[in-house]
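Listed below, chain by chain, are the residues.
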Amino acid sequence: MTREEKATVIKDLTAQLADNPNIYLADISGLNAVDTSNLRRACFKANIKLAVVKNTLLAKAMEASDKEFGELPEVLKGNTSLMLSETGNAPAKLIKNFRKKSDKPLLKGAFIEEAIYIGDNYLDALVEIKSKEEVIGDIIGLLQSPAKNVISGLKSGGGKLAGILKTLSERE
């Protein structure tokens, strides 16, 4: 690979890192051709971009990026695959689901909305992360529940409420 080709790859990787809020680094070495194909297909269906990258080029792209990757470049040893997603927990769910049949991919590290996770032991925690849409849905549900309780209380005790209002109006 020429110096110009490397510079182009670094520039492309830097742009991808800038465009994606959720970045996973995984080790998929040792997967056979069928498993690799199945993993790529699963990534495509889940709208996750999967690419095998050269560690030195990814490290330079991280360095050139505006994001602060902290200790994440230190995990760039051996085979590294880059998983990019709009949804924070999608790659973690995919990895966990895929590992029901295989011991790979292994999570090396992740950058999720500016938080850094190093090591495969964070996989379960990353699966539990909720997307912004899920959090907004939960908040809306919580805000609606008191109003629903009041409305249902009014409907169930409708006769009582009318009696109370009538009594109050007669006292005036």
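Attention here is on the structure that accompanies the text. Numbering of residues starts from 1 in every chain and runs along the sequence as written. Restriction of local features to residues with pLDDT of at least 70 applies here, the model being predicted, together with a cutoff of 80 or more for giving and counting side-chain atom pairs; totals for whole chains, interfaces and linings are based on all residues. Water and hydrogen atoms play no part in the side-chain values, which are based on all heavy atoms of the structure.

Some points on the side chain of Thr 14
Only DSSP runs of H or I with at least four residues qualify as helices, and only runs of E with at least two residues qualify as strands; both kinds are numbered from the N terminus onward. Tracing the backbone shows Thr 14 in helix 1 (residues 3-19). The class for Thr 14 is buried, based on a relative accessible area of 16%. Whenever a nitrogen or oxygen atom comes within 3.5 Å of another N or O atom, the pair is scored as a polar contact, on the condition that within protein one atom can donate a hydrogen and the other can accept it, and that pairs from neighbouring residues in sequence are kept only if both atoms are in side chains. At 2.7 Å, the side chain of Thr 14 forms a polar contact with the backbone oxygen of Ile 10. When sequence neighbours within four positions are dropped, the list of residues in contact with Thr 14 reads Ala 61, Ala 64 and Ser 65. Throughout this description, buried means an accessible area under 20% of the type-specific maximum (1.4 Å probe, protein chains only), exposed means over 50%, and partly exposed covers the range between. Contact between two residues is taken to exist if any of their heavy atoms lie within 4.5 Å; hydrogens are not considered.

Here's the deal with the nonpolar core
Tyr 24, Leu 39, Cys 43, Met 83 and Leu 126 are the most contacted members of the largest nonpolar core, which totals 21 residues. Taken together, the elements giving at least two residues each to this core come down to strand 1 (22-27), helix 2 (33-45), helix 4 (90-98), strand 4 (106-112) and helix 5 (123-128). No other element matches helix 4, which puts five residues into this core. Discounting chain neighbours no more than four positions away, the residues touching Cys 43 are Ile 48, Leu 50, Met 83 and Leu 94. What is meant by a nonpolar core is a set of buried Ala, Val, Leu, Ile, Met, Phe, Trp, Tyr and Cys residues, joined one to another through side-chain atoms within 4.5 Å.

Interpretation in functional terms is not warranted from these geometric data alone.
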